[in-house]
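Structural characterization, general
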Amino acid sequence: KTPVTNNNLTRVRLAFLLAVLSIVSITARSFAVTYKIGDTYGGGKVAYIYQPGDSGYVKGEQHGLIAAEADINTTYKDAWDGDSYTGVYVWSTSQFENTNNTDYAYKEISSTGTAISDGAANTDKILSMYPATKYPNSAAALARAYRGGGFDDWFLPSIDELKQLYESKGLVGGYADYTYWSSSEINPSMAWYHIFVNGIRRDSNKSYFKRVRPVRVF
């Protein structure tokens, strides 16, 4: 009969622990939730799932973009022309900075990106130039202020992210046959937007009015 030793007990305990960890790992994988475009999740609807090559892609994990279930649709008085608007917003401010007598909307940010995963950083840069406390009705300010699902990390999508929202619009829903702002700047006076009628991206003067659909990452 083989005597029971501390080494034997240690080996038995180790084998048991490894077996338990293996079961836990298999169970976790078996019950991992996967989402598809159009699913309600995270305060909105899944609009895009990151693919290999996207900067947010992680092999073996599922990440992507959640779109708000509806466009921002507030009514406000524009500080520049004094008129009231509902559901459409300028890219930056549409206000004049009297100290230099130039349109403050045309101050260049110069470092926004166009790619998937650039939208959040773009929004931060826009709001650094145009603080929401002073310019609460810009496209970026309204996107960041959105609180769908209780989340506070919503942002204005980059132009490539906005393209994915257009391509999934039939499953996400709630879009208008209109134009939507991206957070991707072109130059001091222009930024990219996407037409949700035909899927074409175009450049536009920053002081023009367009719709806003916030997104967040899951």
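It should be noted that the structure appears before, not after, this text.
My aim in this report is to walk through the structure given alongside it, one point at a time. Since we're looking at a predicted model, the values are computed, not measured.

Our next topic: the overall build of the protein. In terms of regular secondary structure, the protein is built from five helices and 11 strands. For the protein, the share of sequence-separated contacts (at least 6 apart) that also reach a separation of at least 24 residues comes to 60%. Roughly 11,600 Å² of accessible area belongs to the protein as shown, and the carbon and sulfur atoms make up 55% of that amount.

Right, let's talk about the sheet that holds strand E9 (residues 190–195) for a bit. The three strands are arranged E8-E9-E10 in an open sheet whose pairing can be described as antiparallel. Looking along the sheet, the strands with just one partner apiece sit at the ends: strand E8 (179–187) and strand E10 (201–205). On average, adjacent strands in this sheet sit at an angle of 35° to one another, irrespective of strand direction. Two strands pair when backbone bridges link them, and E8 and E9 are joined in this way by five bridges, in the antiparallel orientation. Residue pairing for E9: Thr-179 is matched across the bridge by Ile-195. The strands touched by helix H4 (residues 159–167) are E8, E9 and E10; relative to E9, the strand with the most contacts, the crossing angle is about 10°.

Strands sit in the order E1-E2-E3-E11 across an open sheet of four strands; the sheet is antiparallel. Taken across any chain shown, the strands that pair with only one partner, and hence form the sheet edges, are strand E1 (40–41) and strand E11 (215–217). Across four bridges, strand E2 (residues 44–49) lies against strand E3 (residues 64–67) in antiparallel orientation. Bridging from a neighbouring strand, Ile-49 pairs with Gly-64 of E3.

For the rest of this paragraph, the subject is the pattern of salt bridges. The tally for this structure, following the rule as stated, stands at seven salt bridges. In this structure, Lys-36 engages Asp-39 in a salt bridge whose closest nitrogen and oxygen atoms are separated by 3.2 Å. By relative accessible area, Lys-36 is classed as exposed at 55%. In this structure, the salt-bridge partner of Arg-144 is Asp-124, at a minimum N-O distance of 2.9 Å. Linking Arg-144 in helix H3 (residues 139–145) with Asp-124 in helix H2 (residues 119–129), this pair joins segments that are 20 residues apart in sequence. The exposure class assigned to Arg-144 is partly exposed, which follows from its relative accessible area of 21%. When salt bridges that share partners are traced, they join Asp-71, Arg-211 and Arg-213 into one network.

Another point: the side chain of His-194. Mapped onto the elements, His-194 comes out in strand E9. A relative accessible area of 2% means that His-194 is categorised as buried. Looking at His-194, its side chain comes within polar contact range of the main-chain oxygen of Gly-199, at 3.0 Å. In this structure His-194 touches Ile-159, Leu-162, Lys-163, Tyr-166, Tyr-178, Thr-179, Tyr-180, Gly-199, Ile-200 and Arg-201, once residues within four positions along its chain are discounted.

Below, the discussion takes up the packing of aromatic side chains. Tallied over the full model, the rule gives 13 aromatic pairs. Members of the aromatic cluster, joined through ring pairs, are Tyr-76, Tyr-85, Tyr-89 and Phe-209. Over the face of the ring belonging to Trp-181 we find Lys-210, whose NZ or CZ atom lies 5.3 Å from the ring centre. It is Lys-210 that lies over the ring of Tyr-193; its NZ or CZ is 4.0 Å from the centre.

Okay, H2 next. Taken residue by residue, H2 has Gly-119, Asn-122, Thr-123, Ile-126 and Leu-127 as its buried positions. Down the axis of H2, the buried side of the element spans an arc of 130°, and every buried residue falls inside it. As for H2, its buried residues are in contact with H3, H4 and E8.

Thresholds, definitions, all that
- Residues numbered from 1 in each chain as written.
- Predicted model: local features only at pLDDT ≥ 70, side-chain atom pairs only at ≥ 80, totals over all residues.
- Heavy atoms only, no water.
- Helix = DSSP H or I, 4+ residues; strand = E, 2+ residues; numbered from the N terminus.
- Contact = heavy atoms within 4.5 Å.
- Areas by Shrake-Rupley, 256 points an atom, 1.4 Å probe, with all protein chains shown as cover.
- Pairing = 2+ DSSP bridges.
- Axes fitted to C-alpha atoms, helices over the stretch in contact; angles between N-to-C directions.
- Salt bridge = Lys/Arg side-chain N within 4 Å of Asp/Glu carboxyl O.
- Buried < 20%, exposed > 50% of the residue type's maximum accessible area, 1.4 Å probe, protein only.
- Polar contact = N/O pair within 3.5 Å; in protein donor to acceptor, adjacent residues only side chain to side chain.
- Phe/Tyr/Trp six-rings, centres within 6.5 Å; stacked < 30°, edge-to-face > 60°.
- Lys NZ or Arg CZ within 6 Å of the ring centre and 35° of its normal.
- Arc of directions from axis to C-beta.

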